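# Residue-level structural notes
Given next are the chains, with one letter for each unit.
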Amino acid sequence: MIRIQNHAPEGFIALDNSALIYPPTEAVYNANTFRVSMDFRFTIKKAVLEQALHDLLHRCSYAKVGLHTGFFWYYLSPNEMPAIVHEEGPYPSGRFTFKENNGYLFKVIYSSHRIGLECFHALTDGAGGMAYLKLLVERYYYHAGIGKPEFADSLEFNARPTKQEFSDPFQHLYDKKLPSYPTINKAFHRKGGSYDDRVKVISATILTEQIKERAKARKLTIGEYLSSVYLYCLQQLQQIEEPVQYKRKPIRLSVPMNLRKIFGYDTMRNFTLFAIVEIEPSLGFYSFEEIGQEVHTQMVQAQSKKRLLSQIKRNVAGERNPVIRFAPTALKNPLFKLLSDYLGDDQYSGIISNFGYVPFPKELQDTVTRLDFHLSPGLLNKVALAVIGYLDKIIINFTSFYTVDTELEHQFCTFLVEDGIDVEVATNRNSER
Amino acid sequence: MAYCVRCGVKLTDGAKSCPLCGTEVHLPAGIEEPVAEPLFAEPLPKEGTKGITKAKKGMLELIIILGVVGELTVAISLWIANALAYSFIPLFSIGIAALSLLAIVLAKPKYVQQASWQCLLMAVLFLGLDGVDFAWFWSLIGAASLLLFWFCGVFPWSRWAAEHKKVSALMMLASIIVFLVFMNILLSQRLTWFAPVALPMIAFITFMTGLFYIWLTARKIKRIPVADMILGILVIILGSCTAFDFFLTHYQKGFFALRWATSLGIAAVIILTFLIGVSVSLRFRRFFTSHNQHD
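Residues numbered from 1 in each chain as written. Chains lettered and ligands numbered in written order. Predicted model: local features only at pLDDT ≥ 70, side-chain atom pairs only at ≥ 80, totals over all residues. Heavy atoms only, no water.

## Observations regarding the packing of helix H2 (residues 46-59) of chain A against helix H3 (residues 126-144) of chain A
Residues and elements named next belong to chain A. Let me state the cut-off plainly: Fitted lines through C-alpha atoms give the axes, limited to the stretch in contact for helices. The angle between two N-to-C directions lies from 0 to 180 degrees. Numbering goes from the N terminus for both helices and strands, where a helix is a DSSP run of H or I of at least four residues and a strand is a run of E of at least two. These descriptions rest on fixed angle ranges, namely under 35 degrees for roughly parallel, over 145 for roughly antiparallel, 65 to 115 for roughly perpendicular, and the rest for oblique. It is the rotation of the near helix from the far one that decides the hand of a crossing: anticlockwise by less than a right angle makes it left-handed, clockwise makes it right-handed. Whether two residues are in contact is decided by their heavy atoms: any pair within 4.5 Å suffices.
One way to put it is that H2 packs onto H3 with a least axis distance of 8 Å and a crossing angle of 130°. What the angle tells us is that H2 and H3 run oblique. Here H2 and H3 pass one another in a crossing that is right-handed. Across from Val48, Leu49, Gln51, Ala52, Leu53, Asp55, Leu56 and Arg59 in H2, the residues of H3 making contact are Tyr132, Leu135, Leu136, Arg139, Tyr140, His143 and Ala144.

## Description of a nonpolar patch on the surface
Filter applied, for reference: Patch definition: residues above 30% relative accessible area lacking any salt bridge, with like charges linked at up to 9 Å and the nonpolar side chains Val, Leu, Ile, Met, Phe, Trp and Tyr linked at up to 5 Å. Calculation of accessible area relied on Shrake-Rupley with a 1.4 Å probe; when residues are assessed, cover is drawn exclusively from the protein chains displayed. The rule for a salt bridge is simple: a side-chain nitrogen of Lys or Arg has to be within 4 Å of a carboxyl oxygen of Asp or Glu.
Judged by side-chain polarity, Ile64, Val68, Leu72, Ile76, Trp79, Ile80 and Leu84 of chain B come together as a nonpolar surface patch covering roughly 730 Å² of accessible area. One can find Val68 of chain B in helix H1 (residues 54-80).

## Details of the domain arrangement of chain A
All names here are of chain A. The condition is simple: The split of the chain into domains comes from an automatic or database domain assignment. Accessible surface is computed with a 1.4 Å probe, and the buried area is the amount of it that two parts give up when combined, taken over both parts together. In protein, a polar contact requires one atom able to donate a hydrogen and another able to accept it; more generally it is a pair of N or O atoms within 3.5 Å, and residues adjacent in sequence count only if both atoms are side-chain atoms. Residue type decides the class: Asp, Glu, Lys and Arg count as charged, Ala, Val, Leu, Ile, Met, Phe, Trp, Tyr, Cys and Pro as nonpolar, and the leftover types, Gly among them, as polar.
One can read the domain layout of chain A as domain 1 (4-156) and domain 2 (195-427). One C-alpha centre belongs to domain 1, the other to domain 2, and the line joining them spans 23 Å. In this complex, domain 1 contributes 58 residues to the contact, which on the side of domain 2 involves 52 residues. Between domain 1 and domain 2, roughly 4500 Å² of surface is buried when both sides are summed, and carbon and sulfur atoms account for 59% of that area. Inspection of the domain 1/domain 2 interface yields one salt bridge. Between Asp125 and Arg260 there is a salt bridge whose closest N-O contact spans 2.9 Å. Across the domain 1-domain 2 interface, the total number found is 28 residue pairs in polar contact (both at pLDDT 80 or more). Elements supplying a minimum of two residues to the side of domain 1 that touches domain 2: strand E1 (13-14), helix H1 (22-25), strand E2 (33-40) and H3. Here the element with the most residues in the side of domain 1 that touches domain 2 is H3; it accounts for nine residues. Looking at side-chain class alone, the side of domain 1 that touches domain 2 contains 34 nonpolar, 16 polar and eight charged residues.

## A word on the pairing of strand E4 (residues 74-78) of chain A
All names here are of chain A. Where we set the bar: By the convention used here, strands pair only if DSSP detects at least 2 bridges between them.
Looking at chain direction, E1 and E4 are connected through two bridges and run antiparallel. Along E4, the bridge assignment pairs Ile13 with Leu76. Bridge count for strand E3 (residues 65-69) against E4 is five bridges, and the pairing is antiparallel. Paired with His68 across the bridge in E4 is Tyr75.

## Considering the nonpolar core
The test is simple: Buried Ala, Val, Leu, Ile, Met, Phe, Trp, Tyr and Cys residues that are joined via side-chain atoms within 4.5 Å together make up what is termed a nonpolar core. Only protein chains enter the calculation, and the probe is 1.4 Å; a residue is then buried if its accessible area is under 20% of its type maximum, exposed if over 50%, and partly exposed in between.
Tyr225, Ile396, Phe412, Leu416 and Val425 of chain A together with Val9 of chain B are the most contacted members of the largest nonpolar core, which has 65 residues in total. Here the element with the most residues in this core is helix H6 (residues 222-241) of chain A; it accounts for nine residues. Other than its neighbours up to four places away in sequence, Val425 of chain A contacts Ile202, Ser203, Ala204 and Cys413 of chain A together with Val9, Lys10, Leu11, Thr12, Pro19 and Leu20 of chain B. In terms of nonpolar packing, the next biggest core, distinct from the first, is built from 63 residues, Leu15, Met38, Cys60 and Ile388 of chain A among them.

## Re the packing of aromatic side chains
All names here are of chain A. Quick reminder of the rule: Two aromatic rings, drawn from Phe, Tyr or Trp (for Trp, its six-membered ring), form a pair once their centres lie within 6.5 Å of each other, and the interplanar angle then sorts them: stacked below 30 degrees, edge-to-face above 60, tilted otherwise. We count a charge as sitting over a ring when the NZ of a lysine or the CZ of an arginine lies within 6 Å of the ring centre and within 35 degrees of the ring normal.
Taken as a whole, this structure holds 44 aromatic pairs over all chains when the rule is applied. Measuring from ring centre to ring centre gives 5.9 Å for Phe106 and Tyr132, while their planes differ by 15°; the resulting arrangement is stacked. In this pair, Phe106 sits in strand E6 (residues 106-110) while Tyr132 sits in helix H3, placing the two residues 26 residues apart along the sequence. Since its relative accessible area comes to 3%, Phe106 is described here as buried. Centroid distance Tyr232 to Phe285: 6.0 Å. Interplanar angle 70°. Geometry classified as edge-to-face. Here Tyr232 is found in helix H6, whereas its partner Phe285 is found in the loop between strand E10 (272-279) and helix H8 (288-302), with 53 residues between them in sequence. Taken together, the aromatic side chains of Tyr62, Tyr104, Phe106, Tyr132 and Phe166 make up a single cluster linked through ring pairs. A cation sits over an aromatic face here: Arg139 above Tyr142, 4.3 Å from the ring centre.

## Brief notes about the side chain of Ser340 of chain A
Inspection of the secondary structure assignment puts Ser340 of chain A in helix H11 (residues 329-343). Judged by its relative accessible area of 12%, Ser340 of chain A falls in the buried class. Here Lys337 of chain A takes part through its backbone oxygen, which lies 3.3 Å from a polar atom of the side chain of Ser340 of chain A. A polar atom in the side chain of Ser340 of chain A sits 3.0 Å from the side chain of Lys54 of chain B. In this structure Ser340 of chain A touches Ile21, Thr25 and Asp345 of chain A together with Lys54 of chain B, once residues within four positions along its chain are discounted.

## Points about the sheet that holds strand E14 (residues 393-402) of chain A
Sheet architecture is open: eight strands sit in the order E10(A)-E9(A)-E11(A)-E13(A)-E14(A)-E8(A)-E15(A)-E1(B), paired in mixed fashion. A strand with exactly one partner marks an edge of an open sheet, and here the two such strands are E10 of chain A together with strand E1 (10-11) of chain B. On the sheet, H8 of chain A packs against strand E9 (251-258) and E10 of chain A and is oriented at approximately 150° with respect to E10 of chain A.

## Describing the interface of chain B and chain A
Interface extent is often summarised as the accessible area lost during association of the parts. Facing the 38 residues of chain B at the interface are 54 residues of chain A. Buried surface at the junction of chain B and chain A, summed over both partners, amounts to about 3700 Å²; 63% is from carbon and sulfur atoms. Applying the counting rule to chain B against chain A returns two salt bridges. Here Lys54 of chain B makes a salt bridge to Asp341 of chain A, at a shortest N to O gap of 2.7 Å. If you look at where chain B meets chain A, you find 12 residue pairs in polar contact (both at pLDDT 80 or more). Ranked by the residues each element gives to the side of chain B that touches chain A, the list is headed by H1 of chain B, at eight residues.

## Some points on empty space enclosed by the protein
Residue and element names in this part refer to chain A. As a reminder, the rule being used: Definitions used for this entry: grid spacing 1 Å over protein atoms alone; cavity, a set of points where a 1.4 Å probe fits but cannot get out; pocket, an open set with protein on both sides within 12 Å along at least 5 of 7 lines; lining residue, one with an atom within 4 Å of a point. Grid points are joined across faces, edges and corners, and a volume is the space filled by probe spheres set on the points.
Under the criterion given, the structure shown has three cavities of 30 Å³ or more. Here the largest cavity is characterised by a volume of approximately 80 Å³. Forming the boundary of the largest cavity are His189, Arg190, Tyr230, Leu234, Ser349, Gly350, Leu380, Asn381, Lys382, Val383, Tyr402 and Leu408. Residue composition of the lining of the largest cavity, grouped by class: six nonpolar, four polar and two charged. Computed from the structure, the second largest cavity encloses a volume of approximately 50 Å³. Lining the second largest cavity, in full, are Leu15, Leu20, Pro24, Phe72, Trp73, Tyr74, Thr329, Lys332, Asn333 and Phe336. Element by element, the count of residues in the lining of the second largest cavity is highest for H11, at four residues. For the lining of the second largest cavity, the class distribution of residues is seven nonpolar, two polar and one charged.

## Some points on the layout of surface pockets
The volume enclosed by the second largest pocket comes to roughly 1400 Å³. Lining the second largest pocket are 50 residues; nearest its centre among them are Thr12, Ala36, Glu37, Pro38 and Leu39 of chain B. The set of elements that each furnish at least two residues to the lining of the second largest pocket consists of E2, strand E8 (195-207), strand E12 (368-375), E14 and strand E15 (423-427) of chain A. With five residues, the single largest contributor to the lining of the second largest pocket is E15 of chain A.

Written as C-alpha cells, this is what we have:
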C-alpha cells in the first residue's frame, strides 16, 4: 500500500483523506470547525495559557502548520508564525479566519474561566482536538503551579511524537480490490425559518445516571438512545412539513465514529467515518421503540470493519483517481464545492456527534465545572448536535443557524423530560428567548 | 432555579424566558434570582455576517476558470493562426458571456435585478461588437431598444415603480417618445416622420389606453371578464393600425385617407360598438352571456 505523504517534498504535508474536502468547501454556512472547551473554578491567565500553547506546539509539531494552496491539492506546511490565544467571542464553531490566527488551523480561546480549542477540520477530528485540549490543560496546570494532572489517554509532553501520530491511516487501510461503498439518495431536510450565520447554541445538561437508566431499559447505549430521540423528533417535524405519507423522504442521521479504537491507530489527524442511521417514514409512522431497534441494528452494522474498509476504499479511491489527482486545484475547488452537498449533506437530515465520556484525573475533578463540545452547523442541516460526557453529567449542545426556530431543540428536550430525565437548558440566544 | 411551565426543563438562574418555547418566567413577588454566567463571554451580535455561500462560491470559481480558459484558448489559437487582429470579437464575447453568468450568480434572484444586469451587459456587447472600428450604428439601435425594453418591461416591476405608479407610467411614455426621436434622428439624420406619424400615434394609443383603463376601472363590479379584456385590447390594436395608416398616408401622400386599414377600422368600430352596448345595456349583455351576474 502506498503512503502518498512519503513521496512528498520536505515541508509539504499532504492532507489526510477525509480532510481533503474541508478547505475547498469552507464558506459562509460551511465553517467545517468544531470546539472543545473546559470551564474551571479559577480565573484563566492569558500569559500562562500562552506558555501552555507554546508547549503544545513544541510537543505536537504536526499541529504547527499552515494551510496552503498547491497546484493539485491543498497542503500543510510548517508555520513559523507565533501562535496566538484569543479571547472568547459570542459563539463557538464559527467561520475560521486563518489570517487573524497567524495561519494556524486551530485556535486557542479563553475567557475568565474557560479554556477552549477551536479547530478547522482539515487539521484533525474531535478526538484529536480533545487530545490537544487535554495537553493544553495539563501544561496550563503545570505553568500555573496548580498541579501536574495527567489525563488517562493524553499525549505525553516529554515523549517524542510517534510516527503514528501524524500518519494517515486511511492510506494504510486502502485496499483497491474491495468494492466501493454504495452512495445513497437524498434525505429529508427541514425547511425551518429564517437563518443567519451566527451560531445559536442551546445547551442541555442532563445527569448521566438518569439517561443511562432510560437507555438501558430499552437495551440501547446512550449514543443510540440520543440518536433515536433525534430521529423521532425529526420524524414528528417531517409529519408537520409533509402531511402526505408516501412523499416523505427518508430521515437519516450522520453519526461520526472514531475509528482509532476499531482499527487500533493513534493518529492525531482525521480518522473518522460516518455511520448513517435511517428510518423510512414513507412506510409509516415509527414508534420510539421501533426507531431504537433500527438505530441499534444499524449502528452495530456500521461499525463492522468490513463495511468501514469498503467506505475507506470509496473515499481514498476518489483521491487516487488519476483524473481527480492531476486536475488543478483551481478546477477541483469549484467542483468540490458544487458536488460536496450532493455527496454529503444532501444524504442526511442531521448530524449527532457523540464524543463519549471524558474521564478526568483526580486533580481536575474538583476544579472543572463544565466540559463542552460544539459542532459547526451547515446550510442544508442547520442544526448540529454534539454530545459529551464528564463526571456525572452529559452536555448536549445544539448549534443552529436558525434565527428564531428552536422547534427541534424543543421537541428533543421535551421528549427527554417526558421520559423522566431532568434537563437544564442554557442559551446564547437573545435574553427574551 | 426556575422551570419552564410548558416544556418542564430547568432554566438557568436569572432566565427571563424558556429558550425552547419562549414562555416567560414569572417568579413569585419579592423573589429575585441571581443571574447565572452567560454561556459565552460576549453577547450574540445583532446581525450575522454577509458572505458568499459554498455553492455560489463554486459557481463563481467555475465561471471564472471557464472564462479564463476560454479566453486563453481562443487567443492562443488565433495567435497560432496568425489572426490576432480578429481576436477582439471572440474575446470580448467570451468576456461578456462570463460576466453575464457571473451576474446571474451574484445578482439577487429577482426579475428586476437579473433583467437589468442582462440588459446592461447585452447593450455593452452590442456597442463593443459594433465599435471595433470606432463607428457605431446598429448597436445604437440595439442598445436603445434594450433601454426601451428596460423602461417598459423591467422598470414597472420594480418596488419604486409599484409605489409611484403615475410617475412610472409617465416615465414609460417619455422613454417611448425619446426612443422614437432618437431612432428618427439616427435613421434620417433629422426629425422627419416623428412629428407627423409617431407623435399622433403615441397620442392616439395613449388616449385609447386611457379610455380603456377608465372604462375598466369605472365599472361597478371590479372583476374584469377575460372577453372584455381581449376585445378592449383588440380595439386598441386595430384602431392603432387604422390610425397609423391614416397618418402615414398623410405623411407620404399629403392627404388624409385610409389605404390598407379600412377593414381593420371597421372591425375596431364594430367591436367598440359591441363593448359600449354590453356596458350600457344589461339586456344586450345578457343576450351575449350565459349568466346574468354582470353589472
